[in-house]
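# Structural overview
Letter by letter, the chains look like this.
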Amino acid sequence: MQFEISLAEGPGALRPLAPADAGLLLRWLTDRRVLEYWEGPSAVFTPQRIQEDFFEDEWNASRCIIQYSGQDIGYVQIYKLDGEMCEAYHYPHKDRKAFGMDQFIGEPAMWGKGAGRQFIRLLLGFLEGQGAQAVVLDPHADNERAIRCYRACGFQKLAFLPKHEKHDGVLVDCWLMEYTPGAC
């Protein structure tokens, strides 16, 4: 279900991840402020790990760089949920054409400026055009800024997921959040 995404609207844009972005990802993922929300401050990203995690073939994911006013500011991966992923997410609506997404803003100077809302709305519009009946994500339960952003974009809390995701070597609680077109 890979597809190439290249979108722009207002100051927000998404472009396909390219091999030349490896250095950018490495810079972002060696910033402790970013790691606080991605994998945890003790995570170690090397050029080899960047290649393995972001550039090896992923049959079901589309990977993009988030841009704002022409500046590369973050990363997003989008994938169609299959049965196994529905189980992992504890997603109850297996009959829906649903997509999952994972993202981060890698430029802390852009946090709290509306860039996240801009790109998420842009991406949701694209996915609706692809026939999405739902889009889900699973932010850490204590990431209030992200949850506020997702709610402002039309996501609703669907289920509490205790000890759902490993973060800094510890399983942490998450919220399963869902966006359904036309629900907001």
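In this report, the structure presented in the accompanying data block is examined. On a predicted model such as this, the values are computed, not experimentally measured, just so you know. (Residues numbered from 1 in each chain as written. Predicted model: local features only at pLDDT ≥ 70, side-chain atom pairs only at ≥ 80, totals over all residues. Heavy atoms only, no water.)

## Description of the pattern of salt bridges
Taken as a whole and assessed by the stated rule, the structure comprises 8 salt bridges. In this structure, Lys 94 and Glu 87 form a salt bridge, with 3.2 Å as the shortest nitrogen-oxygen distance. Take Lys 94: its relative accessible area is 47%, and that puts it in the partly exposed class. The closest approach of N and O atoms between Arg 96 and Glu 178, which form a salt bridge, is 2.6 Å. Residue Arg 96 is located in the loop between helix H4 (83-89) and strand S5 (98-105), and its partner Glu 178 is located in strand S8 (residues 170-179); the two are separated by 82 residues in the primary sequence. (Salt bridge = Lys/Arg side-chain N within 4 Å of Asp/Glu carboxyl O. Buried < 20%, exposed > 50% of the residue type's maximum accessible area, 1.4 Å probe, protein only. Helix = DSSP H or I, 4+ residues; strand = E, 2+ residues; numbered from the N terminus.)

## What to know about unusual backbone geometry
Leave glycine aside and you will find that most residues have negative phi; peptide bonds, for their part, are mostly trans. Here Ser 69, not a glycine, exhibits a phi torsion of approximately 50°, which is positive. Following the sequence through the fold, Ser 69 ends up in the loop between strand S3 (61-68) and strand S4 (71-80). Of note, Lys 163 is a non-glycine position whose phi angle comes to about 45°, a positive value. Secondary-structure assignment places Lys 163 in strand S7 (residues 156-167). You can call Lys 163 exposed: its relative accessible area is 57%.

## Quick look at the nonpolar core
Core analysis: the largest hydrophobic core is formed by 30 residues, its most contacted members being Val 76, Met 101, Ile 120 and Phe 155. Those elements that place two or more of their residues in this core are S3, S4, S5, helix H5 (115-129), strand S6 (134-137), helix H6 (144-152) and S8. Ignoring any residue separated from it by four or fewer positions in sequence, one finds Phe 155 in contact with Met 101, Ile 120, Leu 124, Val 135, Val 136, Leu 137, Tyr 150, Met 177, Glu 178 and Tyr 179. Leu 17, Leu 24, Leu 25 and Val 34 belong to the second-largest nonpolar core, a separate cluster that totals 16 residues. (Core = buried A, V, L, I, M, F, W, Y, C linked by side-chain atoms within 4.5 Å. Contact = heavy atoms within 4.5 Å.)

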